[in-house]
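As a plain string of letters, each chain reads:
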Amino acid sequence: MKTLSLFILLGFSALWCRAQSVHFSREEFARQYEESRKNIVSYIQEPPQYKGGVDSLHTYLVANLKYPSKALRKNREGKVYVYFVVDRTDGHIRDARILKSTDSVFDEEALRVVLAMPNWIPGKQDGRSVNTSHNIPIIFTLEPVKK
């Protein structure tokens, strides 16, 4: 029999840029890219914090993630990278999406838990609260029971 264990690694990263259409001119793409960057800060003087710190965030994720039964039945493991924005107004999580995936059943669970996270303390740039982007890798791992 196997026991369930979830290993969550936290990481932060820069904003991920994406084009809306392959038909943009170089100038139009540059304009839209700059417009999208106005509202989200990737490198910040005072990063946002999960209330209670990284250990509390880890505790929240471990307590709330449920190993997908479909993956459990098939003995599947995987890693999901979740992108999200910490909103400047009250620290709520928004714009969560999957950056990299190994299986859609893990994606659904990772997004569910990230979107349900309690509000963070917003980050600050030049003394003002700002929207901030992050990535969190979430690793779903099954471990055999030690005898």
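Going by the structure above, here's the rest.
Residues numbered from 1 in each chain as written. Predicted model: local features only at pLDDT ≥ 70, side-chain atom pairs only at ≥ 80, totals over all residues. Heavy atoms only, no water.

**As for the nonpolar core**
Operational definition: Nonpolar cores were defined as sets of buried Ala, Val, Leu, Ile, Met, Phe, Trp, Tyr and Cys residues, with membership established by side-chain atoms within 4.5 Å. Only protein chains enter the calculation, and the probe is 1.4 Å; a residue is then buried if its accessible area is under 20% of its type maximum, exposed if over 50%, and partly exposed in between. Counting from the N terminus, the helices are DSSP H or I runs at least four residues long and the strands are E runs at least two residues long.
Counting residues in hydrophobic clusters, the biggest one holds 24 residues, and the most contacted among them are Phe84, Val114, Met117, Trp120 and Ile138. Of all the elements in the fold, those that place two or more residues in this core are α2 (53–64), β3 (78–86), β4 (93–100), α4 (104–115) and β8 (132–144). Counting residues per element, this core draws most heavily on α4, which supplies five residues.

**Here we look at the packing of α2 against α4**
What counts, and what does not: To obtain each axis, a line is fitted to C-alpha atoms, and for helices this fit is confined to the stretch in contact; angles are then taken between N-to-C directions over 0 to 180 degrees. Convention used here: angles under 35 degrees read as roughly parallel, angles over 145 as roughly antiparallel, angles from 65 to 115 as roughly perpendicular, and any remaining angle as oblique. Handedness of a crossing is defined here by the sense of rotation of the near helix relative to the far one, left-handed for an anticlockwise turn of less than a right angle and right-handed for a clockwise turn. The contact definition used throughout considers only heavy atoms, calling two residues in contact when any of these lie within 4.5 Å. Each residue receives one of three labels: charged for Asp, Glu, Lys and Arg, nonpolar for Ala, Val, Leu, Ile, Met, Phe, Trp, Tyr, Cys and Pro, and polar for the others, Gly being one of them.
As a packed pair, α2 and α4 sit with axes 10 Å apart at the nearest point and diverge in direction by 130 degrees. Classified by the angle between their axes, α2 and α4 sit oblique to one another. Where α2 crosses over α4, the two elements pack in a sense that is right-handed. The segment α2 lies against α4, with Tyr60, Leu61 and Asn64 engaging Glu109, Arg112 and Val113. Here the contact of α2 with α4 is composed, by residue class, of three nonpolar, one polar and two charged.

**Examining the environment of Leu57**
Structurally, Leu57 can be placed in helix α2. Leu57 sits in the buried class, given a relative accessible area of 3%. For the pair Leu57 and Met117, spaced 60 residues apart in sequence, the C-alpha separation works out to 8.8 Å.

**Considerations on the pattern of salt bridges**
Note the following rule: When a carboxyl oxygen of Asp or Glu is within 4 Å of a side-chain nitrogen of Lys or Arg, the pair counts as a salt bridge.
Counted under the stated rule, the structure contains four salt bridges. Between Arg76 and Asp103 there is a salt bridge, with the nearest N and O atoms lying 3.4 Å from each other. You can see Arg76 sitting in the loop between α3 (69–73) and β3 and its partner Asp103 sitting in the loop between β4 and α4, a full 27 residues away along the chain. With relative accessibility at 32%, the residue Arg76 sits in the partly exposed group. Assessed through its relative accessible area of 17%, Asp103 is described here as buried. Residue Asp87 is joined to Arg94 by a salt bridge in which the shortest nitrogen-to-oxygen separation is 2.8 Å. Overall, the relative accessible area of 9% leaves Asp87 in the buried class.

**Describing α4**
To keep things clear, this is the line we draw: Residue count minus one, scaled by 1.5 Å, sets the expected span of a helix. Pairs of N or O atoms are called polar contacts if they sit within 3.5 Å, as long as, within protein, a hydrogen donor faces a hydrogen acceptor (for residues adjacent in sequence, only side-chain-to-side-chain pairs).
For α4, spanning 12 residues, the distance from its first C-alpha to its last is 16 Å, which sits close to the expected 16 Å at 1.5 Å a residue. For α4, the set of buried residues is Val105, Phe106, Asp107, Glu109, Ala110, Val113 and Val114. Capping the start of α4 is the job of one residue whose side-chain oxygen sits 3.0 Å from the backbone nitrogen of Val105: Asp103.

**Details of the packing of aromatic side chains**
The criterion, for reference: Centres within 6.5 Å are what make two rings of Phe, Tyr or Trp a pair, Trp counting through its six-membered ring; a difference in plane orientation under 30 degrees is then read as stacked, over 60 as edge-to-face, and the rest as tilted.
Under the defined criterion, the tally for this structure stands at six aromatic pairs. With a centroid separation of 5.8 Å and 80 degrees between ring planes, the pair formed by Tyr67 and Phe140 is classed as edge-to-face. With a gap of 73 residues between them, Tyr67 in the loop between α2 and α3 and Phe140 in strand β8 connect regions that are remote in the sequence. For Phe140, a relative accessible area of 0% translates into the label buried. A ring pair is formed by Phe84 and Trp120, whose centres lie 5.7 Å apart and whose planes are at 65 degrees; its orientation type is edge-to-face. Taken together, the residues span a long stretch of sequence, with Phe84 in strand β3 and Trp120 in strand β5 (residues 120–121) at a distance of 36 residues. Put simply, the rings of Tyr50, Tyr60, Phe84 and Trp120 pair up and form one aromatic cluster.

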